[in-house]
Structures are given as structure tokens and as C-alpha cells.
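# Structural characterization, general
Listed here are the chains, written in short residue letters.
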Amino acid sequence: MNVLIIGSGGREYSIGLALKKDKKVTKIFFAPGNGASDEIGENIDISDFEALANFAKSNSIDLTIVGPEAPLVDGIVDVFKAYNLNIFGSSKLASQLEGSKIFMKNFLKKYNIPTASFIETNFLEVASKFIDTLSVPIVIKADGLCGGKGVIIAQDKKEAKDAVKDMLSGESFGKAGLSIIVEEYLDGYELSVFAICDGENYKLLPAAQDHKRLLNGDKGPNTGGMGAYAPTPLIDEKLYKEIEEKVVKPTLKGMKENGMPYEGVLFMGLMIVKGEVKVLEYNVRFGDPECEVLMPLIKSSVFDLFYKATNGELESLDIKMRDEYGVAVVISSQNYPYKSSIASEIIVDEIILEELKQNAHISYAGVSKEDGKLYATGGRVLLCIGIGKSIKEARDRAYLMAGQVHFAGKHYRTDIAYQALR
Ligand SMILES: Nc1ncnc2c1ncn2[C@@H]1O[C@H](COP(=O)(O)OP(=O)(O)O)[C@@H](O)[C@H]1O
Ligand SMILES: [Mg+2]
């Protein structure tokens, strides 16, 4: 089987790595891929959806997997389906679950899925009035995609109203902020849960926890994610059951009723408040770095999982997970997330320790290749992933691996998975 992976990050690299180990897969293409993905497959430089669909047709691609949200929200799945191609991802309509927070919140309300109480508006007066009824902190969210920066947690009412004003005037986020959500603050702990969906059926993957802040102890600015681990002990059978009954099932049923059956990855950003689950948001793709720890934990065929999801055949699939843990440590460049850094060569020491060879690997993200040498050119450069019988063992292996990687300005957190090891 031939597979085309859309995207260029560590997430897409890790999907490629998992597929390369799958006996069913013959050839992998990345569009556009990165400086290291050409060692797993072939990079192609096409971004236009019609041109990609034509490429898939003429290269007998059996399955296309879409990594990032932007092409999903822009309708790549609809184009491929019009060509009768198998593609794993959500349709343009269904991608509104991530593309519009107002769509998402109204959907949650309509189907009685637990979430923070809220209003949607484009008027400062309406927002101000609602803010006056809330206790602090207060959460303000821009409607559209803001690259993970469109949420303000205001510590007092003035800050909340100022944030509203800046969003509605277009100053903060342009068009994405012209409509907003104002919502109640939820106090609890966060979980990311992923379901692979075929429109009707789903398979849950183990819950993961990511680390958004740049520095140890969850300090410093927000980033795309500095590390993740899975499965997290912060969830038990009872909570999984509650998530399935109160979130996953009503979401799939509701999306189908709305005429936009949900296919692809349903990423549920959840807040657990006193044992009760509330939906913070949905994303329509894997989290990055969560994907990098989940892929190697899947024991059964990763190809089957994605392929069957595109054919409405998930119900008959028995997905098996390894009885192990994964920890991913992101290694970023010097000036991340503020500005780009000077490209520097990446050297990885030869891995001699057999234990490390077997239970750790690198997922490449922001890298490019020149004259056969790898250079750190992006913000998040690569991830070191450790697998082990315990979170501690997995973490120790991830950090051993991180010690084998060298480039100028290398930065990483040293406390990934601390929540699980306290
Ligand atoms: N109602 C809320 N109460 C408490 N924290 C929140 C709330 N909504 C969002 N957050 C925090 O803000 C982060 C970003 O919000 P989210 O809805 O996930 O938007 P996005 O990922 O699109 O920026 C969440 O991960 C969470 O930490
Ligand atoms: Mg989020």
C-alpha cells in the first residue's frame, strides 16, 4: 500500500515512522515533509489540493493522511473525496469544530455536552455585561484559528474588557477575533484524549498530557508544546467511560445529525473539574507532541487504523496498544518561541547502548538538509522519545537520547512528565 502524508512536522514524521514499520506499507510520500523525512519516504513539493489529488491518482496512493489543521479547515478532504480517493481527516464542514470556537460552543450546547458556560458576541457592550456577571479569572476566546494564541485568561474585569476591545477591533487577531466567546473559568486539570473516528464508530487512544510552557515548572511563554507523555495515570476506567458517554458518543451522533459526519482524529481538550469532565475545545488533528508518543505505543497495524477509518470499518477493528509508556521531549532552537535562530548543524552521537537502540528514537521536525548534513532550522527542531515499562523508565530513556543530540542553542525542559512522577 502507498501512503501520502500531508505536513512537515514531528507529528507527520512520527506517523511516517509508524507506517514504515507496518508490513502492509510499500511506499511513503510526504508533502512537503522535512529535511529528515526523505529517509522514511519521498518528499514532494506540492501544496495545491487539486495537484495533490492528481499526484495521488497517478502514483496509486491508497491512503492520504492529513497532519495539520490548516489544510483540513481549507477543505483538502472534500477535494480528495471528489476524486474518489481515500483520505484520513475531517471534511471542511466538520473541521469547523476546530476552525470556529463559536461553531464548537454552539454545537456543545445543542447536544448537551458539558462545557464552560459562555456567550458569543461581536459587541463590546454585550461582552462587558456578561463579564460583570462572572467571577475572575475570565476567559476570552477569539472565534477563528490563531495558532494557539487566541485565548486570554484575564485576571480582573478590566483586563477582560480590554482584551475584548482589542479582539473586536481586529487589533489582536485580525478577522479571527471579530467574533468572540466569553466564558467562565474552569479550575481543574487538563487532559488530551484522542479518538480515531470513521463517521459513526471510534477507537480511543490512551490519554496524553502535554507541556505547553517553555520552561521547567510550567513557567515562561506558551509554545506549541515542549513535551508529552502517555498514558497518564490521571485518568481511570471510570473517567474514560464518562468521556465516551458524555463527549465522544454525543459528538459523533450530533455531527452525523448535522449532516457532517466526523471522520479523522477527534482531539478532545478536556478539563476535569472535581472528577467531572468538561470540553475546553476540539481539534481536528493530532496534537504535536502527543502524536509522537502515541504512534509508537500502537501495537496493531497503524495503517489499518487510519485506512479503516476512511471506509467506515472501524467497528470491526481490534486495536491493540503496547503495555508500555511513552515520553517525548521536544528539543527547540535558541530563540523559540520568540524568533527564528541561526541554522546550526545537528550531530547525533552513535547510539551504542542496546537498551537505547531498542527503546528510544528521534522524531525530526524543524530540520532541513544540505549536502547530506542536517540543520536545525525551525523552532521545535526534533523530539526524543523514550518507551518503557514505567513512565520513569520511558522518561530516563528519552533524556538519555536527548543527551546524544547536539546543536548550537539546543534547549529542552528537564521535567517532562513530572505530573505523573510526583
Ligand atoms: N474555560 C477555561 N477555563 C480555564 N482555562 C481555560 C479555559 N479555556 C481555555 N483555557 C486554557 O487555555 C488554553 C487554550 O485554550 P483552548 O480552548 O485549548 O484554545 P486554543 O488551543 O485554540 O488556544 C487551554 O489549554 C487551557 O489551559
Ligand atoms: Mg488547546
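First, a word on scope: everything that follows refers to the structure included in this document. (Residues numbered from 1 in each chain as written. Chains lettered and ligands numbered in written order. Predicted model: local features only at pLDDT ≥ 70, side-chain atom pairs only at ≥ 80, totals over all residues.)

## As for helix α1 (residues 10–20)
The element α1 is extensively covered by neighbouring structure, given that 10 of its 11 residues are classed as buried. For α1, the complete set of buried residues consists of Gly10, Arg11, Glu12, Tyr13, Ser14, Ile15, Gly16, Leu17, Ala18 and Leu19. (Buried ≥ 20, exposed ≤ 12 C-beta atoms within 10 Å, placed from the backbone. Helix = DSSP H or I, 4+ residues; strand = E, 2+ residues; numbered from the N terminus.)

## A few points about helix α2 (residues 49–58)
Within the sequence span of α2, burial applies to Leu52, Ala53 and Ala56. One face of α2 carries all of its buried residues, which in axial projection span an arc of 100 degrees. Residues of α2 that are exposed and angled more than 90 degrees away from the buried face: Glu50 and Ser58. Contact partners of the buried residues in α2: β1 (2–7), β2 (27–32), β4 (63–66) and α4 (76–82). Of the residues flanking the end of α2, it is serine 60, one or two places downstream, whose phi is positive at about 50 degrees. (Arc of directions from axis to C-beta. Contact = placed C-beta atoms within 7 Å.)

## A look at the environment of serine 47
By secondary structure assignment, the location of serine 47 is in the loop between β3 (42–43) and α2. Under the C-beta neighbour-count criterion, serine 47 is labelled exposed, with 12 such atoms within 10 Å. Along the primary structure serine 47 and methionine 295 are separated by 248 residues, whereas in three dimensions their C-alpha atoms are 25 Å apart.

## Quick look at the site of ligand 1
The environment of ligand 1 is formed by 13 residues, the closest being Ala116, Val139, Val151, Leu186 and Glu281. Broken down by secondary-structure element, the contributors of at least two residues to the shell around ligand 1 are β8 (151–154) and β17 (276–283). By residue class, the composition of the shell around ligand 1 is 7 nonpolar, 3 polar and 3 charged. Mapped onto the domain boundaries, the shell around ligand 1 takes at least three residues apiece from domain 2 (117–184) and domain 3 (188–323). (Near = placed C-beta within 6 Å. Nonpolar A, V, L, I, M, F, W, Y, C, P; charged D, E, K, R; others polar. Domains from an automatic or database assignment.)

## Regarding the packing of helix α7 (residues 124–133) against helix α8 (residues 157–168)
Interaxial distance between α7 and α8 falls to 10 Å at its minimum, and their mutual angle equals 160 degrees. Judged by the angle between their axes, α7 and α8 are roughly antiparallel. The way α7 lies across α8 gives a crossing that is right-handed. Contacts between α7 and α8 involve Leu124, Ala127, Ser128, Ile131 and Asp132 on the former and, on the latter, Lys157, Ala160, Lys161, Val164, Lys165 and Leu168. A breakdown of the residues in the contact of α7 with α8 according to their chemical character gives 6 nonpolar, 1 polar and 4 charged. (Axes fitted to C-alpha atoms, helices over the stretch in contact; angles between N-to-C directions. Parallel < 35°, antiparallel > 145°, perpendicular 65-115°, else oblique. Left-handed = near helix turned anticlockwise from the far one by under 90°.)

## Some words on the pairing of strand β10 (residues 189–198)
Taken across its 10 residues, β10 has 8 buried, putting it largely inside the fold. Bridge analysis of β10 against strand β11 (residues 202–204) gives 3 bridges, and the strand direction is antiparallel. Paired with alanine 195 across the bridge in β11 is leucine 204. What sits between the antiparallel neighbours β10 and β11 is a turn of 3 residues, in which glycine 199 has the positive phi angle 105 degrees. (Pairing = 2+ DSSP bridges.)

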